[in-house]
Amino acid sequence: MLVLLSSSLLGGCAADYLNNYDTMTLASGDSQKANQLLQTVDPYNPASNNTKIEGDGARSVAVVQQYRVPPPPPPTTNMTVNVGPAGASTQ
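Residues numbered from 1 in each chain as written. Predicted model: local features only at pLDDT ≥ 70, side-chain atom pairs only at ≥ 80, totals over all residues. Heavy atoms only, no water.

Caption draft 1: View of the overall build of the protein chain. Counting its regular elements, the protein chain contains three helices and zero strands. When the helices and strands of the protein chain are read in sequence order from the N terminus, they spell out α-α-α. Accessible surface computed for the protein chain: about 9800 Å², of which carbon and sulfur atoms make up 59%. (Helix = DSSP H or I, 4+ residues; strand = E, 2+ residues; numbered from the N terminus. Areas by Shrake-Rupley, 256 points an atom, 1.4 Å probe, with all protein chains shown as cover.)

Dropping the structure here:
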């Protein structure tokens, strides 16, 4: 029992060690760009500080009202549909 317990504990450490790979990633070679981005003072777009968002309030209210109120049903049409061969007579 003691051997089984100790082997399972050591097996857990080996599994963590095997998760490390010696391979190249797609981002390899971008260390200079990454370091430049880390040292950027203000990385945000200057336009993100604009809190005055222009818009037409009346138009926005009309659009919201269109979604809240269900649309009226489509108008009914008085149409007759004949199904069958043309010129057929019933006797």
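Caption draft 2: A look at the confidence of the model for the protein chain. In this model, the protein chain carries a mean pLDDT of 77, and residues with pLDDT of at least 70 account for 80%. Summarising per-element confidence for the protein chain, the mean pLDDT is lowest in helix α1 (residues 2-18) (69) and highest in helix α3 (residues 57-68) (87). (pLDDT = per-residue confidence, 0-100.)

Caption draft 3: View of a nonpolar patch on the surface. On the surface, a nonpolar cluster with roughly 380 Å² of combined accessible area is contributed by M79, V81 and V83. Relative to the helices and strands, V83 resides in the segment after α3. (Patch = residues over 30% accessible without salt bridge, like charges linked within 9 Å, V, L, I, M, F, W, Y side chains within 5 Å. Salt bridge = Lys/Arg side-chain N within 4 Å of Asp/Glu carboxyl O.)

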